[in-house]
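A look at the structure
Below are the chains, spelled out letter by letter.
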Amino acid sequence: MLKRKMYSKLLEWKNSKNYECLLIKGARQVGKTYLVRQFGANEYESFIEINFYMQNDLRIIFEGELSSEEIYKRITANIPGVKLIPGKTLLFLDEIQKCANARTALKFLAQDERFDVIASGSLLGLAYGQDADKEVTEVDSIPVGYEKPLMMYSLDFEEFLWAYGYDSDTIEYLRRFYESREKIPSEVNEKYDALLREYLVVGGMPEVVADFMENKDFGRVQEIQDKILTSYADDISQHAKGAEKVKVRKCYDSIPRQLARENKKFKYSEVESKATARKFGDSVQWLHDANMAYICCNTSMPILPLKAYEKDNEFKLYINDTGLLMAMYGFATKQALLNGKLRGPAKGGIYENLAAETLIKNGYTLHYYKPDDNSELEFVIEKDGDVAPIEVKAGNTATKSLNRFIEEFEPSVAYKLISGNIGQSENKLTLPHYLAMFI
């Protein structure tokens, strides 16, 4: 059973007593349903699950009057043996995008306050009209103020270490190096660098991680990842509309190629010859809204707020799980990375994807800064009331762009992520890639 950080967030919500319904969003296969089932079994006397994809007939519960009294009455009429125990019952509405009335009803269920309610869905980020599924209809009234949205991702590197059996003391041991800026003993550094390479290959999808921890078989990892990629392709074919199906798939399939270039700015011409934003712009947005890819916009000025200075026509795309990116590259690339023999721009793109994924999971939004053809910083983030630059190196080469940024903008801290050890020069902090989890 995998330990997830999200579990503590569910406990915080349960104990907050503000009676909002919890709405868990996230890409398919990140473990939303499994976690809520585990939470319901452990923390409540009664757990009721309605999956609107698997139990289409139970949509009748949300037809007609949507008062909480009527809804709970229909639950007892349509689900034999349920127990509604005030203060000790969790109602889980899974794949709620399939039942618009259930989303509307969250307001009334929250106002009732007798029972806790969690809703979830894999494609909730898609705006109405983006989803070709005829069963997804427009919600009459979004329950603003009565639902608490929470985004769930695949396992981060810390959770990967937990799955390996490393405890909180190990994490705190590593954190002390991050905070003290002391050199990490070489054998420790090499150990966690090797574990990070495994994480790059395995990724954080729960099914993949759980199987790897049991079997330690990279061949099985590839098979499961291929299955997940197939399910993503199925989602595109089922949920993207009309001609958008092909365009979304082309954009998604182009991401590994685009990240393998020296200049990783997303180019529509890499998707299709002479293609433009007019043709493929909506497809990129679809991937972002479906949480299958992350958009990282160039900012014209690295000052707060970064969003105000975004260049909409200049961006990069990253795959939501670096393990899936590695699966798209294939087993030979994985083998080369694990053995420390991978070379070329693709290696840099892999470590960039890892950094993007780590920043997203740590709650940051993604931006990069490329003022001209001679300078580029992979990421700039809003941190502690300032903009912090991050340069990502697959190895440990010179940082001309970072040095230039420090000289010009004098940030309170600047990060260089490398395959190496900790170092500090004034406000420039050099970190091994695996310590990025503490940024």
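For the structure itself, look to the data block above.
The paragraphs below set out a description of the structure included in this document. Just so you know, these numbers come straight off a predicted model, no measurement behind them.

Overview of the pattern of salt bridges
Enumeration according to the criterion identifies 31 salt bridges in this entry. Among the salt bridges present, the one from E70 reaches K73, with a minimum N-O distance of 2.9 Å. Of this pair, E70 and K73 both sit in helix α3 (residues 68–78), three residues apart, which is roughly one turn of that helix. Here K279 makes a salt bridge to E272, at a shortest N to O gap of 2.4 Å.

Let's talk about helix α14 (residues 331–338)
For α14, the full list of buried residues reads T333, K334, A336 and L337. The buried residues of α14 occupy an angular sector of 165° when projected down its axis, which confines them to one face. Structurally, α14 contributes buried residues whose contacts are with α7 (186–202), α9 (218–239), α13 (322–329) and α15 (345–361). One or two positions beyond α14, positive phi appears at G340, with a value near 70°.

Remarks on the packing of aromatic side chains
Tallied over the full model, the rule gives 24 aromatic pairs. Ring pairing ties together the aromatic residues F157, F160, Y164, Y166, Y192, Y199, F212, F218 and Y434, which thus form one cluster. Over the ring of W162 we find K3; its NZ or CZ atom is 4.2 Å from the centre of that ring. Here the basic side chain of K14 rests over the ring of Y44, its NZ or CZ set 5.0 Å away from the ring centre.

As for the pairing of strand β3 (residues 89–94)
For β3, the tally of buried residues reaches six of six residues, placing the bulk of the element in the interior. In β3, alternate side chains face the same way, and those of T89, L91 and L93 on one face and L90, F92 and D94 on the other are all buried. Relative to β3, strand β2 (residues 46–51) runs parallel, the two sharing six bridges. Across the sheet, S46 pairs through a bridge with T89, a residue of β3. Where the polypeptide runs from β2 across α3 and back to β3, its parallel neighbour, the crossover connection is right-handed. Across four bridges, the pairing between β3 and strand β4 (residues 116–120) is parallel. Within β4, the position partnered with L93 by the bridge is A119.

Some points on the packing of α7 against α15
Their axes nearest at 11 Å, the elements α7 and α15 cross at an angle of 85°. Between α7 and α15, the angle is such that the two are roughly perpendicular. Across from L196, R197, Y199 and L200 in α7, the residues of α15 making contact are I350, Y351, L354, E357 and K361.

Some words on the packing of α13 against α15
Two numbers describe a pair of packed helices, the interaxial angle and the distance between the axes. In contact at an axis separation of 9 Å, α13 and α15 are set at 155° when each is read in the N-to-C sense. When the interaxial angle is binned, α13 and α15 end up roughly antiparallel. The handedness of the crossing between α13 and α15 is right-handed. For the pair formed by α13 and α15, the contact residues are T322, L325, M326 and Y329 on the first element and I350, N353, L354 and E357 on the second. Tallied by class, residues from the contact of α13 with α15 come to five nonpolar, two polar and one charged.

Rules used in this analysis
Residues numbered from 1 in each chain as written. Predicted model: local features only at pLDDT ≥ 70, side-chain atom pairs only at ≥ 80, totals over all residues. Heavy atoms only, no water. Salt bridge = Lys/Arg side-chain N within 4 Å of Asp/Glu carboxyl O. Helix = DSSP H or I, 4+ residues; strand = E, 2+ residues; numbered from the N terminus. Buried < 20%, exposed > 50% of the residue type's maximum accessible area, 1.4 Å probe, protein only. Arc of directions from axis to C-beta. Contact = heavy atoms within 4.5 Å. Phe/Tyr/Trp six-rings, centres within 6.5 Å; stacked < 30°, edge-to-face > 60°. Lys NZ or Arg CZ within 6 Å of the ring centre and 35° of its normal. Pairing = 2+ DSSP bridges. Right-handed = clockwise from strand over helix to strand, strands pointing away. Axes fitted to C-alpha atoms, helices over the stretch in contact; angles between N-to-C directions. Parallel < 35°, antiparallel > 145°, perpendicular 65-115°, else oblique. Left-handed = near helix turned anticlockwise from the far one by under 90°. Nonpolar A, V, L, I, M, F, W, Y, C, P; charged D, E, K, R; others polar.

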